[in-house]
Each structure stands twice: as structure tokens, then as C-alpha cells.
Amino acid sequence: MSLAKCHKTVLLLGGSRDQLFLIKTANKMGLHTVVVDANPASPGFAIADDYAVVSTMDLGALKAFVDDYQEQQRKIDAVCVMGSDISQYVAQLAEHIQVPHIPIEAAMITTNKLKMKQCFERHGVAIPWFCLLENAEHLADIAAKRGLPLIIKPLDRSGARGVFLLTQDSDLSALYDKAKRESFAGDVMVEEYLAGPQISTETIMYRGQAYTPGYVDRNYEMLTRFAPNIIENGGWQPSLIQGEKRAKVEALIEQAALALGLTDGVIKGDIVYTDVGPKIIEVATRLSGGDFSESLVPLGLGINYVEAALKIALGEPPELEKLTPVIDQAVANRYFFPKPGKVTSISGIEAIQAEDFVKKLEIWYQVGDVVPETTSHASRFGVFIVTADDRQQLEQRVKWVYDTLKVTTL
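Below, the structure is looked at part by part. Here the structure is a predicted model, which is why all the values come from computation and not from measurement.

Some remarks on the overall build of the protein
At step 1: On a plain count of helices and strands, the protein comes out with 14 helices and 19 strands.
At step 2: Structurally, the protein occupies a C-alpha span of about 60 × 55 × 45 Å along its principal axes.
At step 3: A total of 410 residues make up the protein; the buried ones form 54% of that total.
At step 4: The long-range share in the protein, meaning contacts at least 24 apart out of those at least 6 apart in sequence, stands at 65%.
At step 5: Accessible surface, the protein as shown: approximately 18,000 Å² in total, 49% of it carbon and sulfur.
At step 6: Here the protein contributes 41 positive and 52 negative side-chain charges, whose respective centroids are spaced 2 Å apart.

Okay, here's the thing in C-alpha cells:
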């Protein structure tokens, strides 16, 4: 056991499949891992050194847990999260035990989409036009004055829950009501629809400077199929937005981080490259879950920037040289969206798994399960990751996987 394993302990909020890569990385770094999650069957518990069933959204219970753990077990040196929009609890818990964290105000702002946009507007960060909605009539008035399309969304949800694209065919009142029901606080905002390619970024901020190893194209090929819901279907690495345009995207993310007062930590960005340059849709002050951190960047570039995020959370200098790509491979992740209904058969899994270029295949439903209507990213049926020499070959391999997996529902 390394000295680091003996002396450094990290508390990780969440033990679902979205958090597994964070736990594995911390273990590999020799850190003593403590995982908390409200789900007693969380898969992360099996690979953690210690775990406890505690809700990651109950700050009082989290504080009670860390107080007891530090008194009875060992000192906690860092708090971190991946794939869950709870950075406000991470910051407040880290403050409670006096370990490094992003500013609490920054965490609070980035978990409220309206406060986020207001902050960026004050600091001149490029964003779409936006407005807090009073009611459905207010939305109808804005649509009449500004025209369509527009976007509406709850202020406090993630995973595309309650996010709708409004067009001439939309029932504005019904969609407003749906978005309002999805909001924890019952608040909905409307914003300008930005046309253009979208990029997902993941940036390590250190001493006020941005390093952006995470940079992939977002894939929205299914907008028509799932309208008015806005469902992302994975991403591409490398992005087609490079050179001077990429430099502008990275500069914008750094500007956004500094506007939040975030000089050390992680900022995740959703960007649209419009006719007048990049604009920020949203940011999050946490690591991405799913396959961004775990697969797209490591497989495509040979980088694990989660190590840098953990170092900063521990108050240690990150190894910035490890954020430079060492390979350049085309990678894509995609999701399965079969027709809603009861699953009667699934075939093609063995053929897909037999191919070396398939790096991951996970199906989250079984025969007999009921597939719901796709209304958010939580409705996905499964995921796969493929690699290739270039984008053209990647597209062919993505299509092959889709053609090979057969899911029948009734």
C-alpha cells in the first residue's frame, strides 16, 4: 500500500455507474476512497474502501456523516463529484471540513440556470438572450414578439428534463406546464434558440488559467424524432471545430470560469458555435459523468484529466503535462432508443462485442422490461463506444452497431 493510500482520503458523492470512473481513478492514485449514495445497491460501493448509504442531496446528513467518519475513522482530505449536478453540496461540505473547494457562490450560481445566465450577462460572457417566465401567457407574449423557435427549460434540472424546443407547431401552454412540473422550484426560463454546431468541453482551471483537454462535438441527429424534447445522442472526438475557432471556444470557457470566480477546479461547458462566434448555453462546475471523462477523452487522446481534478480537490498541484494529448484516435459514443413498449427480444450483442473496435456495450434493459417514452437522457436504453482511424470510418462503424443490435418491443 502506498503512502498516499495511508494518508489521503477522498469523499466521493455518488456511487452510480456515472461515478465509477472517478472512484476507479482515485483508487489507482492510491487514495483511500469513501463513497456515499442514497441507493444501498450502488455499484460504486463494491470498489470503494469505505461506503455509506447517505443521500448526496441532504447536506445535513452529509455533514453528520463526515463529522462521525472523521471522529471514528480518518480525516477526509477532499470532496469530489462526477456526473451529478450537486456542486453546491460539494462546496459546502468541503467548507465544513475545511478542505479545498470552488467558491460556494460559484457552485450555487451554476446549479441555477437563471443565476448562471445573469452572472454571465453581467461579465460580458457571450450567451443567448434569456428571460424568466411568469406564466404561460408570458411565454405566449414573448413568442409573439420575438418569434420562434425558442427554448424553455426548468432552472434547476439536468439530463434534458423539461427542456423543449418551441416551434410553430408547439402547444406553448402545455409545454410550459410540463417544464414547470419538472422544476424542483417550479421556475421556468425561456431563451433564444442558437443555430450552429455544438461542442461539449471539460476544462481544468488552475491558478486562473484554463486547460481544456475535453473537447468533443455533440450529436443531435434525433431532434426531429424526439421533438419537442431535445435529446443528445452522444458525441464525436475529435471535434470538427478546430484552429482559431477552437481557440475562441477555449477563451470563452476561461472567461466564464473567471466570471464565476473559479480559478481552481473543473468547469464543464455546452457551447454553440454561431455565425457570430461561440456562445455558452450552460456550464457545470463538476466532472462529466457517462463516457466523456471515462472514454471519449482517454480513448481519443490518451488523457485522464480526472486525476488533475482530484489533485486540485486535494490542494495539490496537478500534473499539467499529462493534459497534453499523446494519441489522436477517432471515438464516438452513441445510445440506443428502441420504440417504447415491453421488450420481447434483444439480439446482436455477441456479434457487437466480438469486434475489437467496440470498446463498450451496455444494455440497461432486459427482456420483459418496459421501455418508456424518451423524454430525457434518463430514458436511454443502452450505450456503445467505437473507435476508428478517421471520422468516415467511425460513421460506418456507428451505423454497423445500430444495424446489428435488434430490439423488439410490443
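From this point, the discussion proceeds with the structure in view.
Section: the pattern of salt bridges
At step 1: Taken as a whole and assessed by the stated rule, the structure comprises 22 salt bridges.
At step 2: Between K248 and E244 there is a salt bridge, with its nearest N and O atoms 3.8 Å apart. Of the two residues, K248 and E244 are both situated in helix α10 (residues 243-259); the distance of four residues between them amounts to about one turn of the helix.
At step 3: Overall, K248 belongs to the partly exposed group, its relative accessible area being 41%.
At step 4: Classification of E244 as exposed rests on a relative accessible area of 61%.
At step 5: What emerges from the salt-bridge pattern is a single network uniting K113, K117, K153, E191 and E282.

A closer look at the side chain of T203
At step 1: Summarising the element assignment, T203 is placed in strand β9 (residues 198-206).
At step 2: By relative accessible area, T203 is classed as buried at 0%.
At step 3: One polar contact links T203 to T212, side chain to side chain, over a distance of 2.8 Å.

Concerning the sheet that holds strand β7 (residues 164-166)
At step 1: Spatial ordering of the open sheet is given by β5-β8-β6-β7, a layout of four strands whose pairing is antiparallel. Each of the sheet's edge strands pairs with one partner strand only, and the pair in question is β5 (130-132) and β7. The sheet shows a mean angle of 25° between the axes of neighbouring strands, direction not considered.
At step 2: Sheet topology places strand β6 (residues 150-154) next to β7; three bridges connect them, and they run antiparallel. When the sheet's bridge partners are listed, L150 is paired in β7 with L166.

As for unusual backbone geometry
At step 1: Residue L148 is joined to P149 through a cis peptide bond whose omega torsion reads 10°.
At step 2: Along the chain, P149 falls in the loop between α7 (136-146) and β6.
At step 3: Backbone torsion omega between A227 and P228 reads 5°, so that peptide bond is classified as cis.
At step 4: Take P228: it is sitting in the loop between α9 (223-226) and β11 (235-237).

Cut-offs applied
Residues numbered from 1 in each chain as written. Predicted model: local features only at pLDDT ≥ 70, side-chain atom pairs only at ≥ 80, totals over all residues. Heavy atoms only, no water. Helix = DSSP H or I, 4+ residues; strand = E, 2+ residues; numbered from the N terminus. Buried < 20%, exposed > 50% of the residue type's maximum accessible area, 1.4 Å probe, protein only. Contact = heavy atoms within 4.5 Å. Areas by Shrake-Rupley, 256 points an atom, 1.4 Å probe, with all protein chains shown as cover. Lys, Arg positive; Asp, Glu negative; His and termini not counted. Charge placed at Lys NZ, Arg CZ, Asp CG, Glu CD. Salt bridge = Lys/Arg side-chain N within 4 Å of Asp/Glu carboxyl O. Polar contact = N/O pair within 3.5 Å; in protein donor to acceptor, adjacent residues only side chain to side chain. Pairing = 2+ DSSP bridges. Axes fitted to C-alpha atoms, helices over the stretch in contact; angles between N-to-C directions.

Keep in mind that these numbers describe shape and distance, not what the molecule does.
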